[in-house]
Amino acid sequence: AMTRAKSALEIHYNDDYFKSIPPELARHTLTHTAYAPPDELTVQLTHKDVQLGYFGYVQKRVLPLNSGDLLGVDEEGCRNSRGEKVLKYSAHFREELMRLEDMGYKPTQAKVSFLVYWFNEEKEKEYLIALPEILLRICKDELN
């Protein structure tokens, strides 16, 4: 979008990355407006967000998955369309989920974003792992 702007471009950003742009090329405006949190968030999981070793036990469930497949979510991980667990969250991501739940967000669905191979050096074996995108929605009644 930045390269397609014809006459003006507005970027709302909560950091100082753009401060290096000279004032004659950009106008920086600071606002102290408090904005309401978004109704939903999407979180893309990475290798550090899943228990990599668990994939060694569920390869038969992971192999049939395709990018874009919908997954069920619970507090431990994600399930395939048959309700079988295909991944477990890492302790790090479970803490992040708890932080987001304290803000009123609940995971509602997930989909497979990436299927990649991970090499387990300890077992000297390669495993297919699924890295999902998780949708969290704010639960209004939990905020009151």
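Residues numbered from 1 in each chain as written. Predicted model: local features only at pLDDT ≥ 70, side-chain atom pairs only at ≥ 80, totals over all residues. Heavy atoms only, no water.

Student: Please provide a residue-by-residue account of the overall build of the protein, values included.
Tutor: When its secondary structure is counted, the protein shows 3 helices and 6 strands. Taken from the N to the C terminus, the helices and strands of the protein come in the order β-α-β-β-β-α-β-β-α. In summary, the protein has a C-alpha radius of gyration of 20 Å against a globular reference of 15 Å for 144 residues, an excess of more than 25%. Taken over the C-alpha atoms alone, the protein extends approximately 60 × 40 × 25 Å along its principal axes. By residue count, 29% of the 144 residues in the protein fall in the buried class. In the protein, 66% of the contacts between residues at least 6 apart in sequence involve partners at least 24 apart. By element, 50% of the accessible surface of the protein is carried by carbon and sulfur atoms, the whole surface being about 10,700 Å². Side chains of the protein give 19 positive and 23 negative charges; the mean places of these two sets differ by 5 Å. (Helix = DSSP H or I, 4+ residues; strand = E, 2+ residues; numbered from the N terminus. Rg over C-alpha atoms; globule rule 2.2 N^0.38 Å. Buried < 20%, exposed > 50% of the residue type's maximum accessible area, 1.4 Å probe, protein only. Contact = heavy atoms within 4.5 Å. Areas by Shrake-Rupley, 256 points an atom, 1.4 Å probe, with all protein chains shown as cover. Lys, Arg positive; Asp, Glu negative; His and termini not counted. Charge placed at Lys NZ, Arg CZ, Asp CG, Glu CD.)

Student: Any details on the layout of surface pockets? Residues and values, ideally.
Tutor: One number sums up the size of the largest pocket: a volume of about 1,100 Å³. In terms of lining residues, the largest pocket is bounded by 22 residues, among which I11, H12, Y13, R27 and T29 are the most central. Here the lining of the largest pocket is built from residues that sort into 11 nonpolar, 6 polar and 5 charged. (1 Å grid on protein atoms, 1.4 Å probe; cavity = no way out; pocket = protein on both sides within 12 Å on 5 of 7 lines; lining within 4 Å. Points joined across faces, edges and corners; volume = space filled by probe spheres on them. Nonpolar A, V, L, I, M, F, W, Y, C, P; charged D, E, K, R; others polar.)

Student: Tell me what's going on with a nonpolar patch on the surface, and back it up with residues and numbers.
Tutor: Taken together, M2, L9, I11, Y13 and Y17 make up a surface patch of nonpolar side chains, about 560 Å² in accessible area. Checked against the element boundaries, M2 lands in the segment before β1 (40-44). Owing to a relative accessible area of 54%, M2 belongs among the exposed residues under this scheme. (Patch = residues over 30% accessible without salt bridge, like charges linked within 9 Å, V, L, I, M, F, W, Y side chains within 5 Å. Salt bridge = Lys/Arg side-chain N within 4 Å of Asp/Glu carboxyl O.)

Student: A description of unusual backbone geometry should follow, citing residues and the corresponding values.
Tutor: Positive phi outside glycine occurs at E124, with the angle close to 50 degrees. Looking at the element boundaries, E124 is found in the loop between β5 (105-120) and β6 (125-138).

Student: Can you break down the packing of aromatic side chains residue by residue, with the values?
Tutor: As enumerated under the stated definition, the model contains 3 aromatic pairs in all. Ring geometry for Y17 and F18: centres 5.1 Å apart, planes at 85 degrees, overall edge-to-face. (Phe/Tyr/Trp six-rings, centres within 6.5 Å; stacked < 30°, edge-to-face > 60°.)

Student: Account for the state of the cysteines, naming residues and giving values.
Tutor: Here a disulfide denotes one covalent bond, and it connects the sulfur atoms of two cysteines. Enumeration according to the criterion identifies 0 disulfides in this entry. Looking at C78, it has no disulfide partner, and the nearest cysteine sulfur is the one in C139, 17 Å off. (Disulfide = S-S within 2.5 Å.)

Student: Provide a residue-level description of the side chain of N120, including the pertinent values.
Tutor: Positionally, N120 belongs in strand β5. In this structure the side chain of N120 is engaged in a polar contact, spanning 3.2 Å, whose partner is the backbone nitrogen of K123. In this structure N120 touches K125 and Y127, once residues within four positions along its chain are discounted. (Polar contact = N/O pair within 3.5 Å; in protein donor to acceptor, adjacent residues only side chain to side chain.)

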